[in-house]
Amino acid sequence: MINTGAASPSNFIRNIIREDVVNGKNHGRVRMRFPPEPNGYLHIGHAKAICLNFGLADEFGGTCNLRFDDTNPLKEGEEYIKAIKEDVRWLGFDWEGREYYASDYFDQLYAWAVQLIKDGKAYVDSLSPEEIRQYRGTLTERGKESPYRDRPVEENLRLFEAMRDGDFEDGACVLRAKIDMASGNLNMRDPVIYRVLHVRHHRTGDAWCIYPMYDFTHGQSDSIEGITHSVCTLEFEDHRPLYDWFIEQLGIHHPQQIEFARLNLTYTVMSKRKLMRLVDEGYVSGWDDPRLPTISGLRRRGYTPESIRDFCDRIGVAKKESMVDVALLEHCLREDLNKRAPRVMGVLRPLKVVIENYPEDQVEELDAINNPEDPSMGTRKVPFSRVLYIEQDDFLESPPKKFYRLAPGREVRLRYAYFIKCVDVVKDAKTGKVIELLCTYDPMTKGGDSHDGRKVKATLHWVSAVGSLRAEVRLYDRLFSRANPEESKDGTDFIAHLNPDSLDIMSSCRVESTLEGAVPGSHYQFERLGYFCVDTKDSSEEGLVFNRTVSLRDTWGKIKEAETRSKG
């Protein structure tokens, strides 16, 4: 099912928290957390979780921690931590100094593991990793108990201490919880809670050579921080009995784990593993490639934090998985940029226009509106001269019916300027391609209206040859050609559905002179073309680079309009 966001958004987690506050649970306190693993860059699915946790904490007068679940030093690093903090701040949220790390709790987690051993609830297992997998069983076959399951407590304590002291090689043994190898929930079949890993940790250095597993770390970290509502995605629903078991056996503060459906978006992938493959195998330029759903990629493309927060609010929070139409995300962006983006003119595929009856040495300045949605943004001056550029697509030598733009003998309006008429064309002698238009203008139509009341059917954007700037424009489209690239009946790899036209780099564009010195990251609407952003990496004073953020076409708006008509 594809969710277009047309219905009112629901949030069952808000309802749960509201009821808890009313009933005085946790003394009316609300304490949330956003707990990313620092092993990759955040994507828009994480943005949903960020908005949910920080938003609900703010709504109920509570707090929200930022905690890094850094229990796997093989894949984690400071690069990801820095990027995650930047993304959370950019989205508009502040953890107000409550920045924590699971590694802060390694001593306490170790002490709790020792407690479980003493209580006969954990044991050191010397089976190999492959044997542990075999003994675990399947969804239809019960597991088999390890021959080391009934080691005496003192032996387990001695072996666990030896694990910590570095006496064992990686994979030689693990610490497992002693629960139930016949459980229908595979997570409860004596899960591994500590493994030997002789790897330097980005924060604790070489202090540890054993590391706790995520399931053993997550709930206890929540408990240490006094979290009241531990929100996570649906794939952790089967882990909740284990979350509860650890906390109950240890007799510590018990947060409530609540699962919600993760965000699935059309025409992209959200799996961190698949995103990493796209980066590592060179299908995209990096984690901030504007075609990716990563927050850094969306930011570079020109998405605003306001549009992403609006999107996350509109889609709501549910228990059932669904696929959200990316057109809704684009709609939220258009609504935001329509209010804030100044209008400018840029020509992507320039076609030279010479106005034969305009004085050769004359350049006049015309008034142009910066944003019709916000009169306070005022006007700007754009130069007009004898030689101009229009879009190649705005001229046809032999126009079909209903093509109202420029053609031989036809008159059109130039935005903010004059009526012009094409009187002749200049062609390339070898190819026959039209390379120049010879036109005349009507000086009585300044501002775009005729003195005699005659009408034209098209208004074109343009730039003056005098003062206009060369620019590179990158036209980004959807990364995949299929709405659900992971859905394949014949086993086709998702890579096969990459859109070969997801990026079109145009290097001979012309933009109006007011864009000189445009600040990286700033947004503009190129009239008739779409919303664009100055690239934050490659644009410079030597050469402007613009990314197309989104086109002017509003697919979602049409979907919503159609749905409204069908209901009426």
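Residues numbered from 1 in each chain as written. Predicted model: local features only at pLDDT ≥ 70, side-chain atom pairs only at ≥ 80, totals over all residues. Heavy atoms only, no water.

What about the overall build of the chain?
For the chain, the helix and strand inventory stands at 13 helices and 27 strands. For 568 residues, the compact-globule formula gives about 24 Å, and the C-alpha radius of gyration of the chain, at 31 Å, lies well above that figure. For the C-alpha atoms alone, the extent of the chain along its principal axes is close to 100 × 55 × 45 Å. Within the chain, the fraction of its 568 residues that count as buried is 53%. A fraction of 72% describes how many contacts in the chain between residues 6 or more apart in sequence connect residues 24 or more apart. Carbon and sulfur atoms form 46% of the exposed surface of the chain, whose accessible area is close to 26000 Å². Averaging the locations of the 80 positively and 92 negatively charged side chains of the chain gives two centres separated by 5 Å. (Helix = DSSP H or I, 4+ residues; strand = E, 2+ residues; numbered from the N terminus. Rg over C-alpha atoms; globule rule 2.2 N^0.38 Å. Buried < 20%, exposed > 50% of the residue type's maximum accessible area, 1.4 Å probe, protein only. Contact = heavy atoms within 4.5 Å. Areas by Shrake-Rupley, 256 points an atom, 1.4 Å probe, with all protein chains shown as cover. Lys, Arg positive; Asp, Glu negative; His and termini not counted. Charge placed at Lys NZ, Arg CZ, Asp CG, Glu CD.)

Notes on helix H9 (residues 272–280)
Regarding H9, the residues found buried are Lys274, Leu275, Leu278 and Val279. On an axial view of H9, the arc spanned by its buried residues comes to 145°, and they lie on one face. For H9, the exposed residues set more than 90 degrees away from the buried face come down to Arg273 and Asp280. Looking one or two places after H9, you find Gly282, whose phi comes out positive at around 80°. (Arc of directions from axis to C-beta.)

A closer look at empty space enclosed by the protein
Summed over the entire model, instances satisfying the criterion amount to three cavities of 30 Å³ or more. Considered as a void within the structure, the largest cavity measures approximately 200 Å³ in volume. Around the largest cavity sit 18 residues that line it, and Arg291, Leu298, Arg301, Tyr303 and Val326 are the ones nearest its centre. Elements that contribute at least two residues to the lining of the largest cavity include exactly helix H10 (295–301) and helix H12 (326–340). Taken together, the residues that form the lining of the largest cavity break down as 10 nonpolar, three polar and five charged. Forming the boundary of the second largest cavity are Tyr214, Asp215, His218, Cys232, Phe236, His239, Leu242, Tyr243 and Gln257. Elements with a contribution of two residues or more to the lining of the second largest cavity: helix H7 (214–224) and helix H8 (240–250). Top contributing element to the lining of the second largest cavity by residue count: H7, with three residues. Among the residues making up the lining of the second largest cavity, the classes are represented as five nonpolar, three polar and one charged. (1 Å grid on protein atoms, 1.4 Å probe; cavity = no way out; pocket = protein on both sides within 12 Å on 5 of 7 lines; lining within 4 Å. Points joined across faces, edges and corners; volume = space filled by probe spheres on them. Nonpolar A, V, L, I, M, F, W, Y, C, P; charged D, E, K, R; others polar.)

A few points about H8
Working note: α-helix, 3.6 residues per turn, so residues spaced by three or four point in the same direction. Within H8, burial applies to Leu242, Tyr243, Asp244, Trp245, Phe246, Ile247 and Leu250. Tucked inside the fold, the buried residues of H8 contact helix H4 (106–118), strand S6 (174–177), strand S7 (192–196), H7, strand S9 (229–233) and strand S10 (256–260). Immediately downstream of H8, the backbone of Gly251 shows phi near 65°, a positive value.

Focus on unusual backbone geometry
One non-glycine residue with positive phi stands out, namely His27, at about 55°. Among the structural elements, His27 can be located in the loop between helix H1 (12–22) and strand S2 (31–34). For His27, a relative accessible area of 76% translates into the label exposed. We note that Glu96 has phi near 50°; this positive angle belongs to a residue other than glycine. Tracing the backbone through its elements, the reader meets Glu96 in the loop between helix H3 (78–90) and strand S4 (99–101).

Regarding the environment of Asp180
With respect to the helices and strands, Asp180 occurs in the loop between S6 and S7. Asp180 sits in the partly exposed class, given a relative accessible area of 35%. Placed 68 residues apart in sequence, Asp180 and Glu248 show a C-alpha to C-alpha distance of 16 Å. Of note is the side chain of Asp180, whose polar atom sits 2.9 Å from the backbone nitrogen of Ala182. (Polar contact = N/O pair within 3.5 Å; in protein donor to acceptor, adjacent residues only side chain to side chain.)

As for the pattern of salt bridges
Between side chains of opposite charge, pairing is possible as soon as their charged atoms come close. Taken as a whole and assessed by the stated rule, the structure comprises 48 salt bridges. One salt bridge in this structure joins Asp535 and Arg300, with 2.8 Å as the shortest N-O distance. Pair noted here: Asp535 is in the loop between strand S26 (530–534) and strand S27 (544–550) and Arg300 is in helix H10, with a separation of 235 residues, a long-range link. Its relative accessible area of 0% is what places Asp535 among the buried residues. Its salt-bridge partner being Asp394, residue Arg528 comes within 2.8 Å of it at the nearest N-O pair. (Salt bridge = Lys/Arg side-chain N within 4 Å of Asp/Glu carboxyl O.)

Topic: the pairing of S27
With seven of its seven residues buried, S27 lies for the most part within the structure. Pairing analysis gives four bridges linking strand S23 (residues 469–476) to S27, with the strands arranged parallel. What sits directly across from Arg474, in S27, is Asn547. Sheet topology places S26 next to S27; four bridges connect them, and they run antiparallel. Directly across from Tyr531, in S27, lies its bridge partner Val550. (Pairing = 2+ DSSP bridges.)

Thoughts on the sheet that holds strand S20 (residues 434–442)
In any sheet, the strands associate via hydrogen bonds between backbone groups, in a parallel or an antiparallel arrangement. Across the sheet, seven strands lie side by side as S21-S18-S19-S20-S14-S17-S22; this open sheet has mixed pairing. Two strands lie at the open edges of the sheet, namely strand S21 (459–460) and strand S22 (463–464), each paired on one side alone. Here strand S18 (residues 411–414) runs beside S21; their pairing, made up of two bridges, is parallel. From the neighbouring strand, Arg413 faces S21, where its bridge partner is Thr459.

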